[in-house]
Amino acid sequence: MGFGPYLLLASLEGLVTAAVLALTALGLSLVFGVMRVVNVAHGEFFMLGAVLAWGVSTAFAGHPAIGFTAALLVAPLVVGAAALLSERLVLRRLNYDPEATIVATIGMLYIIQQLALTFYGADARPVQPPFNIRIPLPWFGFSGYKLFVIFAAIAMMIVTWFVLTRTKIGLVMRATQYDRETAQAFGIPVDRVYAGVFALGAMLAALAAVLIVPIQQAHYLMGRDPLLLSFIVVIIGGLGSLRGTVVAAVLIGLSDSIISMFYSPTLAKMLATGLVAMVLVFRPQGLFGTTAR
Amino acid sequence: MTDIFKPSRLLTTGISRRSALKGLGAAAAIGTAPGFVRYSQAQSSAPIKIGFQAHRTGIGAAYGRWYERTTSAAVKLINDGGGINGRPIEIITEDDGTDAARGAEVIEKFANQHKVDIVYGTLFSHVVVGSAPAAGELKMPYYVVSEGYHVASGKMNRYVIQPGITDVRAQCRAVAPWITSNVGKKITMIYPDYAFGHDHRDFFAPAATEQGGEIVAQIPIPPTESSFTRYLPQIPSDTDVIYHVMVGPAVLTFVKELGEFYGNSGPKLFGFIDSLEAVDIKSPGLEFLEGTHFWEGMPRYLQADASEDEKAYRTAVGLDDNGASVNDAKDVSTAAHMFGCWETLYVIKAAMEAADYKGPEDRAKLIEATEAMTDLPAGPEHPQGAKVFNGKNHQVYGSQSISVVEGGKLNVVHRTTIEDGMYEAEADYTTQSF
């Protein structure tokens, strides 16, 4: 296989990674941007989404697309509800104190993980993709579903961007992000905005998980990698910046895939970590982030 | 107690009242001391405690579940048949989380808290490697049901023994000639980039080269990887055979991606069933495996020529003809490995009987008795087939099955002999002192 096709495959794979990563990281970034809460349990919401996707899709007989569509609707909603509940029960009672919420979300991470282990089990379980199309290219075949994941993620990003910048909900969220007290003074129910944002962040992670789960498999320990990569992405892209998140996700996804293919996976991880260190030293607010107000 | 030490009787033998009281007190103290009664009983009917290090959680959980089922089935049979030296076996299970550090902690817990006689179990090589030093320090016999070359290599210690399942080096040697003469000569290897995978890298390549094969590429994959397509272009186009070994949750993905990548063309496949243990061959995406070959330690699907012992074993463990649980057809077993638990427990039984094992003070005798074993004939104790144990490197040798996927089932097409997998032992644990 020549250099061209080689690079094409690496890029396609990188884009799949980037698509899912962008959605997951966007959730993390949004929660931090608006609430100043570093949600360490974000990866577990991702895992919960995947596990629920397995549960929902296996509950439906018939064509796998039926189960998958149901999962795409149900899993993010359930995860959003779980996030809402944990926000009400935990984060709100801590007054969104940055240090306390880190510890609390670490606790949530373990609770969610152990609940998944108890009720779902320790097995990795496959979810059927809604369709199985192999796109035969002259040099290799590529999964049609993977291309769908890329497009679905792009569509979701556009929807999120539209909500944030063009709707009243987005306006309220941005106002809360900009200045909590002033927003409250103008009659914005900051408390409810926080709850909504936390749920939305978790739902984005769950959505990303539902998209990826027919490619990977649902497993109770699968939340760790997305969490780590999401942190890398939001640090590089700048917390709270939608554009930064997308650019950083594409950067990390593509570089990871291309470097692992041509050199070694370890080198790819080293470079990503190195990039994080560089960003933290030279541009702590991230590539597209704005300095703290 | 006072009945026996009646003052009148004691007085008649000339013992002073003071010393009689002292004696009384001492007798009462010994009699009520914790463990005293149990100790005297331990020689007769108290259970032999076997600590079972199980992968209940972590990436080895599916193996752990079936290792537990196989263990309880074997223990039930042994206990129903009178136990070991007239004493029943009691299994105490601890979860090692498929984690090396926790494995070592569990060994200590078995020794100090549960006070077990011996420890047994575990599959994943990193857990064995992590736990072995603790077993050696605590002088705790550690019977592993693993596969890596770690035990046979001599890098463990005298307390670590693998008497129930063959090691990767022997498996590679046994299947290599069949691959080079039946599947193809130019081979690309894909394996996990850690201990178990490295054993394949180190031992399959020379075994295949010896048979006129050629390793055209070796592709190590980090164990945490969950997607593999990007590694597939590294497979040279002149490859005849892809030799694949994967473990953990991502294996199904690997095979599916291989299918997407190559479609109906591409090299032939030879896989270690480790890639698909506990996974239904009829899973969506695996149609691609039709016609490919797999190594199996013991066949998953009931074969037409299965022995009565094998059938009895399958019934005891609760396997249906497809190698799934009789209670749940979706609960596919880890048949290629779990028989090792059954056979190891019977080796422990035989060794304890040969050593006239009474308690922890006989641990060295137990190891020596195991080392003295040679032939393990096929039978109810060894349903997978006859085996030869080498006391020097603490490793057993047996036959392997090569199966082909036909109609979503695995049919055995070749069985290797014990000699096919034999190699010159590099280690001699018997020279180590206890």
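This structure is a prediction, so every number in the text was calculated from the model and none was measured.

Peer 1: Talk me through the side chain of Ser260(A); I want residue IDs and the actual numbers.
Peer 2: Along the chain, Ser260(A) falls in helix H10 (residues 242-262). Judged by relative accessible area, which is 1%, Ser260(A) ranks as buried. Excluding residues within four positions of it along the chain, Ser260(A) makes contact with Ser255(A), Pro265(A), Ala268(A), Arg230(B) and Gln234(B).

Peer 1: Got a sec to walk through the pairing of strand S7 (residues 214-221) of chain B? Specific residues and values, please.
Peer 2: All names here are of chain B. Of the pairings in the sheet, the one linking strand S6 (residues 186-192) to S7 comprises seven bridges and is parallel in character. By the bridge assignment for S7, Ile 187 is matched with Ile 215. With helix H9 (residues 195-210) bridging S6 and the parallel S7, this β-α-β connection has right-handed handedness.

Peer 1: Explain the interface of chain A and chain B to me, using residue names and the numbers behind them.
Peer 2: Interface size, as often reported, equals the accessible area lost upon joining of the parts. Chain A puts 30 residues into the contact, and the matching count from chain B is 30 residues. Both sides of the chain A and chain B interface together cover about 2,300 Å² of buried area, and 53% of this is carbon and sulfur. Three residues stand out in chain A for area buried against chain B, namely Asp123(A), Arg134(A) and Gln217(A), and they jointly supply 18% of the buried area on that side. There are two salt bridges connecting chain A and chain B. We note a salt bridge from Arg230(B) to Asp256(A), for which the minimum N-O separation is 3.0 Å. Applying the counting criterion to the chain A and chain B interface returns twelve residue pairs in polar contact (both at pLDDT 80 or more). It is H10(A) that contributes the most residues to the side of chain A that touches chain B, four residues altogether.

Peer 1: Any details on the packing of aromatic side chains? Residues and values, ideally.
Peer 2: Residue and element names in this part refer to chain B. Per the stated rule, a full pass over the model turns up 26 aromatic pairs over all chains. With a centroid separation of 3.9 Å and an interplanar angle of 25°, the aromatic rings of Phe 204 and Tyr 243 are classed as stacked. Placement of the pair is Phe 204 in helix H9 and Tyr 243 in strand S8 (residues 241-244), with a sequence separation of 39 residues. The exposure class of Phe 204 is buried, given its relative accessible area of 0%. With 5.0 Å between their ring centres and 25° between their planes, Phe 272 and Trp 295 make a pair best called stacked. Of this pair, Phe 272 sits in strand S9 (residues 268-272) while Trp 295 sits in strand S10 (residues 293-296); the two residues are 23 residues apart in sequence, bridging distant segments of the chain.

Rules behind the numbers
Along each chain, numbering runs from 1 in the same order as the chain's sequence is written. To read the labels, note that chains go from A and ligands from 1, taken in the order they are written. Selection of residues for local features in this predicted model requires a pLDDT of at least 70, selection of side-chain atom pairs for listing and counting requires 80 or more, and totals for whole chains, interfaces and linings are taken over all residues. Side-chain numbers come from the whole structure's heavy atoms, not from hydrogens or water. Every helix listed is a DSSP run of H or I at least four residues long, and every strand listed is a run of E at least two residues long, numbered separately from the N terminus. For each residue, the accessible area found with a 1.4 Å probe, counting protein chains only, is set against the maximum for its type, and the residue is called buried under 20%, exposed over 50%, and partly exposed in between. Here, two residues are considered to be in contact whenever any of their heavy atoms come within 4.5 Å of each other. When DSSP finds at least two bridges between two strands, those strands are taken to pair. Throughout, right-handed denotes a crossover for which the path from the first strand over the helix to the second runs clockwise when the strands point away from the viewer. The term buried area refers to how much accessible surface (probe radius 1.4 Å) is lost by two components on association, counted for both of them together. Salt-bridge detection follows one rule: a side-chain nitrogen of Lys or Arg within 4 Å of a carboxyl oxygen of Asp or Glu. N or O atoms within 3.5 Å of each other form a polar contact, as long as, within protein, one can give a hydrogen and the other can take it, and as long as residues adjacent in sequence are counted only when both atoms are side-chain atoms. In this analysis, rings of Phe, Tyr and Trp, with Trp reduced to its six-membered ring, are considered paired at centre separations within 6.5 Å, and the interplanar angle assigns stacked below 30 degrees, edge-to-face beyond 60, and tilted for intermediate values.

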